[in-house]
Structure formats: structure tokens, C-alpha cells
Amino acid sequence: MDRAQKEKLVDELGQIFESSGVVVVAHYEGMTVAEMQDLRAQMREVGGSVRVAKNKLAKIALEGKPCASIAEYLTGMTVIASSEDPVAAAKVVQGYAKENDKLVILGGAMGENALDTAGVEAVSKMPSREELIASIAGCIGAPASNIAGAIGAPASNIAGVLSTIEEKAA
């Protein structure tokens, strides 16, 4: 890898560290290519990415970034998972680590907040952006449907009474 390629990689990593909602660092020693491809595919499904980079270049890219605290985790064979959604990458990596003991979560960062292994696990248990939007929409829609039901109920009651009177008259 020549100097220009290294500079390009540092810039790419810097953008990832700058724009990601969450960054998770893990050791992947012993994982096969197929297992790594599976992890990458799962991460792509949620809009995230998985990068393997030289630790020295990743540390250079971290300088001055909000998540610079993860530099301490960059030792050995590390993989960097990130996503704009603040919980997506943590969910995927945590789930994958439960299935595959070769992936060992070291820690991560959520903005300026450093996360240890327990912190990444806690973030992975939080609802995703889509789940939060769905629950908010449900909360907003529930009162409207309750009002519609309350307004429509007397009319259906009157209709029921009228049909009963009609049946008795016939």
C-alpha cells in the first residue's frame, strides 16, 4: 500500500468516525472469509458497514474525532463496525458475537461517549430508529382511533336499538 492509498484510507476512516452514530470495535481472529462476508451482509441490511484496517492508520484517522476514545481498543486483529443509526451496528455485532465466539467485542463509541463491552451490549438492546418511529406513530394514532371509536359508538348503538325495534314490530 503506497502513501496515497494510505492517505485515502485514513480519510475514509475519518469520515466513518465522524458521521457514524455508533462505532464498534471487535477482534475477529480465527474467522473465515465466509463468516466475515456473512457479518458484512448482515451489517449492509441495516445500513451499516464493516471495515478491517491497519490499527495504526485507524488511530491516525481517529485524531480529533468525537470517538477518539476507541483508539485504546485498536490492538491485534480488529474489525470496525459502524452505522448512522445509533444502535444498528451494535445490534448486528452483538447478535453475531453470540452466534460466533471468534468475534469478540472490545468496545466502541457512541458520539463522544466511550462504550465498553457492557456498554455495547446495552446499546444493542435499545430500540432501533425504525422501532422508535413505529412506536411514536402508534402513540400518535391511538388517540385518534379512540376518538373515532367513541364518536362512532353511539351511532352504532342507535342502529342496534332501531333494528331491534324493527324486528319486534315485524
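Structure: see above.
Given the structure is predicted, the values throughout are model-derived calculations rather than measurements.

## Some words on the overall build of the protein
At step 1: In terms of helices and strands, the protein carries 6 helices and 5 strands.
At step 2: Starting at the N terminus and ending at the C terminus, the protein contains elements arranged as α-β-α-β-α-β-α-β-β-α-α.
At step 3: Looking at the 170 residues of the protein, the share that counts as buried comes to 35%.

## Description of the packing of helix α4 (residues 88-99) against helix α5 (residues 117-124)
At step 1: Put simply, α4 and α5 touch, their axes get as near as 8 Å, and they point 110° apart. Between α4 and α5, the angle falls in the class roughly perpendicular. Judged by residue contacts, Ala 90, Lys 91 and Gln 94 of α4 engage Val 120, Glu 121, Val 123 and Ser 124 from α5.
At step 2: Of the residues belonging to the contact of α4 with α5, the class tally is 3 nonpolar, 2 polar and 2 charged.

## Re the sheet that holds strand β5 (residues 113-115)
Hydrogen bonds along the backbone pair up the strands of a sheet, which may run parallel or antiparallel.
At step 1: What the 5 strands build is an open sheet, ordered β2-β3-β1-β4-β5; its pairing is antiparallel. Two strands in the sheet have a free side with no partner beyond their single neighbour: β2 (48-51) and β5. Adjacent strand axes in the sheet meet at a mean angle of 15° when their direction is disregarded.
At step 2: Relative to the sheet, helix α2 (residues 33-45) contacts β2 and β3 (78-83), its axis offset from that of β2 by approximately 155°.
At step 3: With respect to the sheet, α5 is in contact with β1 (22-27), β4 (104-110) and β5, its orientation differing from that of β4 by roughly 70°.

Cut-offs used in this document
- Residues numbered from 1 in each chain as written.
- Predicted model: local features only at pLDDT ≥ 70, side-chain atom pairs only at ≥ 80, totals over all residues.
- Heavy atoms only, no water.
- Helix = DSSP H or I, 4+ residues; strand = E, 2+ residues; numbered from the N terminus.
- Buried < 20%, exposed > 50% of the residue type's maximum accessible area, 1.4 Å probe, protein only.
- Axes fitted to C-alpha atoms, helices over the stretch in contact; angles between N-to-C directions.
- Parallel < 35°, antiparallel > 145°, perpendicular 65-115°, else oblique.
- Contact = heavy atoms within 4.5 Å.
- Nonpolar A, V, L, I, M, F, W, Y, C, P; charged D, E, K, R; others polar.
- Pairing = 2+ DSSP bridges.

So, to be careful, I would describe these as geometric facts and stop short of saying anything about function.
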